[in-house]
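Each chain, letter by letter, is given below.
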Amino acid sequence: MHWLQTLDTRLFDIINQSLANPVFDWLSPILSGDVLFIPCMFLLAVGLLWRGTIRMRVCVLMLLVIIPLGDGVIVNTVKHTTSRLRPFVTLPEARVYGVVGKGYVPPVNGGDGEEMPVNRGPDNSMPSAHAANSFAAVMIVFIFYRRSLCWMLPLALAVAFSRVYNGVHYPGDVLIGAILGAGYAVAGAVALQVAWNRIGRKWFPLWHQALPSLLNPDPALAQSRLFRWDPDSSPQTPHSEIDQHWLNLGYLVIFVMLIVHWCYLAAGVIDLSEDEAYQWLWSKHLALSYYSKPPGIAFIQFAGTTLFGDTQLGVRFFSPLFAAILGWMLL
């Protein structure tokens, strides 16, 4: 394995230092994450969902489901498992976004170290989330639009290259990220199709009949008036049947969001706020009332921490559950 690490470091030096030039210094940070990228993609996704064809809508929905799950679950899990430090942490000569020798000091013995510049990310390096997300997007769009490969693949390669050029990843990181991203994109698309075949037939029979294949939607069937937003657009189908489909979809969304919320809290990404911290202290000393609130929140946190321990999930477990119950009642 030593020769592999040596080769990876050598390739990093070539890309990060030998290929350095003003044009790449300007372009690479943009490819790594321009501030306008996410807002533009959000507006584009909303536009396609609202006015696009059924093929566009399914493609966008798959992107919105698969990429966040792959990034949050698969990529982050592998990163924490490998715990490979980024090149700018271990290589003093690394150019970080065009600047040499910033002298970054990783946290030691609980210290904070120096604040990391924007877009450097956490210390863990392998795999590259940018590469994984880019190649996952390439694969998903390719499933629906074969010709997209001509421009999507070069863009994904440019993003992967920029991560090495910017000094935040080794070439091996982006290679593993690209393979992971393409892999879980295909697996996710197949899994969604299998789930649609099983759940769709039972919960959404009319929609499943009009759209039996998510991966290759028939335009003639998929343009069925059953998929339109207004309830009067399908005069041949009783309103009660269409209403039940939308109701089932609402139940499914609430349930999925509940699971996602719990998983996010279990990841420990967000520390407790001041209010949550002192209310957690209340739960250790149960009483009939407290300084600023009735006893309910203390008993709720007591139940949560009894189930899941003194963790962020334990403190917050019942909050998403109550939100889901309220959403179900409103629906």
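Residues numbered from 1 in each chain as written. Predicted model: local features only at pLDDT ≥ 70, side-chain atom pairs only at ≥ 80, totals over all residues. Heavy atoms only, no water.

What follows concerns the overall build of the chain. Across its full length, the chain carries 15 helices and 2 strands. Among the 331 residues that make up the chain, the fraction classed as buried is 36%. Within the chain, residue pairs in contact and separated by at least 24 positions form 67% of the contacts whose partners lie at least 6 positions apart. As displayed, the chain has an accessible area near 19500 Å², and 70% of this comes from carbon and sulfur atoms. (Helix = DSSP H or I, 4+ residues; strand = E, 2+ residues; numbered from the N terminus. Buried < 20%, exposed > 50% of the residue type's maximum accessible area, 1.4 Å probe, protein only. Contact = heavy atoms within 4.5 Å. Areas by Shrake-Rupley, 256 points an atom, 1.4 Å probe, with all protein chains shown as cover.)

With that settled, the discussion passes to the environment of Val159. Along the chain, Val159 turns up in helix α7 (residues 149–165). Counting along the chain gives 25 residues from Val159 to Ser134, while the straight-line C-alpha distance between them is 7.4 Å. Once you skip the residues sitting within four places of it in the chain, Val159 turns out to touch Leu31, His130 and Ser134.

Among the secondary structure elements, Glu93 is positioned in the loop between α5 (87–90) and β1 (95–96). Between the alpha carbons of Glu93 and Asp13 there is a distance of 8.9 Å; along the sequence they are 80 residues apart.

When two helices pack together, their arrangement is given by the angle between the helix axes and the distance between those axes. The N-to-C vectors of helix α6 (residues 129–144) and α7 enclose an angle of 175°; their axes lie 9 Å apart at closest approach. Classified by the angle between their axes, α6 and α7 sit roughly antiparallel to one another. Here His130, Ala131, Ser134, Phe135, Ala137, Val138, Val141 and Phe142 of α6 lie close against α7, whose contacting residues are Leu149, Met152, Leu153, Ala156, Leu157, Val159, Ala160 and Arg163. Classifying every residue of the contact of α6 with α7 gives 13 nonpolar, 2 polar and 1 charged. (Axes fitted to C-alpha atoms, helices over the stretch in contact; angles between N-to-C directions. Parallel < 35°, antiparallel > 145°, perpendicular 65-115°, else oblique. Nonpolar A, V, L, I, M, F, W, Y, C, P; charged D, E, K, R; others polar.)

We now examine the nonpolar core. Core analysis: the largest hydrophobic core is formed by 43 residues, its most contacted members being Val58, Met62, Ile140 and Phe144. Every element with two or more residues in this core is listed here: α1 (2–18), α4 (54–82), α5, α6, α7 and α8 (171–203). Residue contributions to this core peak at 11 residues, all from α6. Aside from chain neighbours lying at most four places away, what touches Phe144 is Arg55, Val58, Cys59, Met62, Leu214, Leu215 and Pro217. Grouped together as the second largest cluster of nonpolar side chains are 7 residues, Trp262, Leu265, Leu313 and Phe317 included. (Core = buried A, V, L, I, M, F, W, Y, C linked by side-chain atoms within 4.5 Å.)

Turning to α7, a few remarks are in order. Taking 1.5 Å per residue, 17 residues should reach 24 Å; α7 reaches 24 Å between its end C-alpha atoms and fits that length. Those residues of α7 that sit buried are Met152, Ala156, Val159, Ala160, Ser162, Arg163, Val164 and Tyr165. Trailing α7 by a residue or two, Gly167 shows a phi angle of about 85°, which is positive. (Expected span 1.5 Å × (residues − 1).)

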